[in-house]
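Take a look at the letters that make up each chain.
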Amino acid sequence: MNYKIKNICCIGAGFVGGPSMAVIASKCPNINVTVVDINEKRIEAWNDKNLSNLPIYEPGLDVLIKKCRDKNLFFKTNIEQAIFEADMIFLSVNTPTKQTGVGAGQALDLRWVEASARQISKFSTGNTIVVEKSTLPVRTAETVKSILISNKDSLDKKNMPNSKSFSVLSNPEFLAEGTSINDLENPDRVLIGGDDLKAIEALENIYLNWVEPQKILKTNLWSSELSKLTANAFLAQRISSINSISAICESTGADISDVAEAVGMDNRIGSNFLKAGPGFGGSCFKKDILNLVYLSNYYGLEEVASYWEKILDINNWQQKRISEIIVHKLFGTLSNKCIGILGFAFKANTNDTRESPAINICRDLIEEGAKLKIYDPKVNNLQIDMDLKNACISSNVEYSSDSWLVEDNLYKTANNSDALVVLTEWEEFANINWHEISCIMRSPSWLFDTRGITNKYIAKKNNINIWQVGV
Ligand code: NAD
Ligand code: UGA
């Protein structure tokens, strides 16, 4: 079968669907790309004339949207029509951890993948390539294939004309939020898993518009699906490793940035992903490791499961240990103390707060009776309120209307605060004028820098007590 790709549909207009399709549209002006979603508000925001209202914040994204939107890039809610017209369909829907039933708390919830596959099965025409872009458990392509052909089977049984055919490929996404446009435009590799050589070639031809051929790796479906989970697990493992060493540094007088530099200069280890912090957040590391744990147990590999589970244990421990250090340094109690929280996103340059370490750390401080003032340059008030309410309710932590207040700048946050806690590595927090800040904080003033980005010497000079991770 020879495929000619003129129309692409992407199901899921989220952190992956939006940016990845914007890059395809920008690099392939002759292909029409339609991104669809069941979330009408999200699609409305993608179509907002004011580019600062796009649903996600990513450096460089607005430029691409401006260039391509309504030319060859469309955001729509008419999913059926987009599927009907598409030659190639990307699945970029969410795959969170399952909350109930078999595998609850570990397995990925594939209900959105299944629903999309059913719609494709129903509304597609001709020969359609279905590309898994969402992160999926190994062998999901098998499930997707059987759902896709289920409608074809029922048409066959009714002796109705039926010319549909499907080819399923795995093409996991490796972008990181905050750098996603650069990651998509200059990927380390593009991974394509599948067994239909012509379909693989059709997808490869799209990437060849901007990616060097030697960076396009082709494998079977299962290797591709497993490689994505493995890459995330390895990245998370490095963070838990460096965070575990940060605690040893604090007890011994070693400095984590020296240790990370010395270790990272070994070519075999490399210097990336060795920054100690408040633990990893984001929507994927935790859920993907939990899924790896689930799969290992499923295949009877209990030792493998418990090995990967430890990465999550250390991550939870790092968050807990930071809130305990804050309580301990502030004389064992936070009641009637005001703590300024600097940063709520799970990392800099994104407005995403999913699994942000800030959520658990803030919840623990609220439980200790602190009043929080929270400032993040890109996360909106409603998101912070919702995250903290959910965190308190699910852990039975009492809170009141004055447990936290969201501020819109650093100075209001620092004003009359007993302590500042840097939780996200926004550049603004690396360049704080400590002289000005020390004048408006309450004494004794404390700075807890969980990202190791502030200038501790200048802060100290201005009579601010400082604790920095791994020092
Ligand atoms: P997201 O929650 O931001 O977006 C998913 C979107 O899919 C939502 O807007 C949702 O409304 C929509 N959706 C769900 N079911 C639908 C349906 N049946 N029809 C139409 N729309 C539907 O999620 P995300 O962060 O973009 O992640 C998507 C997938 O990509 C996940 O599997 C994730 O693990 C993976 N991934 C994420 C990142 C990342 O940085 N966020 C990076 C690489 C891979
Ligand atoms: C991560 C991976 O880096 C991407 O390759 C992958 O595609 C994506 O997950 C996914 O599958 O969702 P992302 O979570 O967006 O991307 O961001 P990262 O840069 O990986 O950061 C994750 C967390 O680790 C953040 O909380 C960050 O602050 C923390 N981190 C990262 C550290 O604490 N130290 C580091 O050295 C690096």
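Residues numbered from 1 in each chain as written. Chains lettered and ligands numbered in written order. Predicted model: local features only at pLDDT ≥ 70, side-chain atom pairs only at ≥ 80, totals over all residues. Heavy atoms only, no water.

**Q** Looking at this model, I keep getting lost on the overall build of the protein. Mind explaining?
**A** Within the protein, the secondary structure is distributed over 18 helices and 14 strands. Taking 471 residues into account, the globule formula puts the C-alpha radius of gyration at 23 Å, and the protein, at 24 Å, falls close to it. The principal-axis extents of the C-alpha atoms in the protein amount to approximately 80 × 50 × 45 Å. Of all 471 residues assigned to the protein, the portion counted as buried reaches 52%. Averaging the locations of the 50 positively and 56 negatively charged side chains of the protein gives two centres separated by 3 Å. (Helix = DSSP H or I, 4+ residues; strand = E, 2+ residues; numbered from the N terminus. Rg over C-alpha atoms; globule rule 2.2 N^0.38 Å. Buried < 20%, exposed > 50% of the residue type's maximum accessible area, 1.4 Å probe, protein only. Lys, Arg positive; Asp, Glu negative; His and termini not counted. Charge placed at Lys NZ, Arg CZ, Asp CG, Glu CD.)

**Q** What's the story with the site of ligand 1 in this structure? I'm lost.
**A** Around ligand 1, the surrounding shell holds 26 residues, and the nearest of these are Asp 37, Arg 42, Thr 95, Glu 177 and Lys 287. Here Thr 135 contributes a backbone N or O atom positioned 2.9 Å from an oxygen atom of ligand 1. Here Lys 287 contributes a side-chain N or O atom positioned 2.6 Å from an oxygen atom of ligand 1. In the complex, the protein chains occlude 92% of the 830 Å² of accessible area that ligand 1 would expose alone. (Near = heavy atom within 4 Å. Polar contact = N/O pair within 3.5 Å; in protein donor to acceptor, adjacent residues only side chain to side chain. Areas by Shrake-Rupley, 256 points an atom, 1.4 Å probe, with all protein chains shown as cover.)

**Q** Please explain the site of ligand 2 as it appears in this structure.
**A** The full set close to ligand 2 counts 19 residues, and Phe 174, Leu 175, Lys 228, Cys 284 and Arg 451 are the nearest of them. Here Phe 174 contributes a backbone N or O atom positioned 2.7 Å from an oxygen atom of ligand 2. Between Lys 228 and ligand 2, the recorded distance is 2.8 Å, taken from a side-chain N or O atom to an oxygen atom. Here ligand 2 loses 89% of its free accessible area of 700 Å² to cover by the protein chains. Considering each element in turn, the shell around ligand 2 owes the most residues, four residues, to helix H9 (residues 221-252). Split by residue class, the shell around ligand 2 holds eleven nonpolar, two polar and six charged. When residues of the shell around ligand 2 are assigned to domains, at least three fall in each of domain 1 (7-219) and domain 2 (312-468). (Nonpolar A, V, L, I, M, F, W, Y, C, P; charged D, E, K, R; others polar. Domains from an automatic or database assignment.)

**Q** How do you make sense of empty space enclosed by the protein when you look at a structure like this?
**A** Over the atoms, a rolling probe the size of a water molecule traces out where space has been left empty. A full pass over the atoms with the stated rule returns one cavity of 30 Å³ or more. Of the pockets and cavities examined, the largest cavity occupies roughly 40 Å³. Lining the largest cavity are Glu 132, Ser 134, Thr 135, Leu 136, Ser 170, Pro 172, Glu 225 and Lys 228. In terms of residue class, the lining of the largest cavity is built from two nonpolar, three polar and three charged. (1 Å grid on protein atoms, 1.4 Å probe; cavity = no way out; pocket = protein on both sides within 12 Å on 5 of 7 lines; lining within 4 Å. Points joined across faces, edges and corners; volume = space filled by probe spheres on them.)

**Q** Is there a simple way to think about the nonpolar core in this case?
**A** Note that soluble globular proteins tend to have their nonpolar side chains buried in a common cluster. Among the nonpolar cores identified, the biggest contains 57 residues, and Ile 339, Ile 341, Leu 365, Leu 372 and Phe 448 are the most heavily contacted of them. Excluding residues within four positions of it along the chain, Leu 372 makes contact with Ile 339, Ile 341, Cys 362, Leu 365, Ile 366, Ser 403, Trp 404 and Leu 405. Counting 44 residues, the second-largest nonpolar core is a separate cluster that includes Cys 10, Val 33, Ile 43 and Val 190. (Core = buried A, V, L, I, M, F, W, Y, C linked by side-chain atoms within 4.5 Å. Contact = heavy atoms within 4.5 Å.)

**Q** Explain the sheet that holds strand E13 (residues 445-449) to me, please; I cannot follow it from the model alone.
**A** Adjacent strands of a sheet pair through backbone hydrogen bonds, lying either parallel or antiparallel. Ordered by their spatial adjacency, six strands build an open sheet running E11-E10-E9-E12-E13-E14, and the pairing between neighbours is parallel. Looking at the sheet topology across the chains shown, the edges are occupied by strand E11 (404-406) and strand E14 (464-468). On average, adjacent strands in this sheet sit at an angle of 20° to one another, irrespective of strand direction. Pairing between strand E9 (residues 338-342) and strand E12 (residues 419-422): four bridges, direction parallel. Within the sheet, the bridge partner assigned to Gly 340 lies in E12 and is Leu 420. (Pairing = 2+ DSSP bridges. Axes fitted to C-alpha atoms, helices over the stretch in contact; angles between N-to-C directions.)

Purely spatial values, then, with no claim about function.
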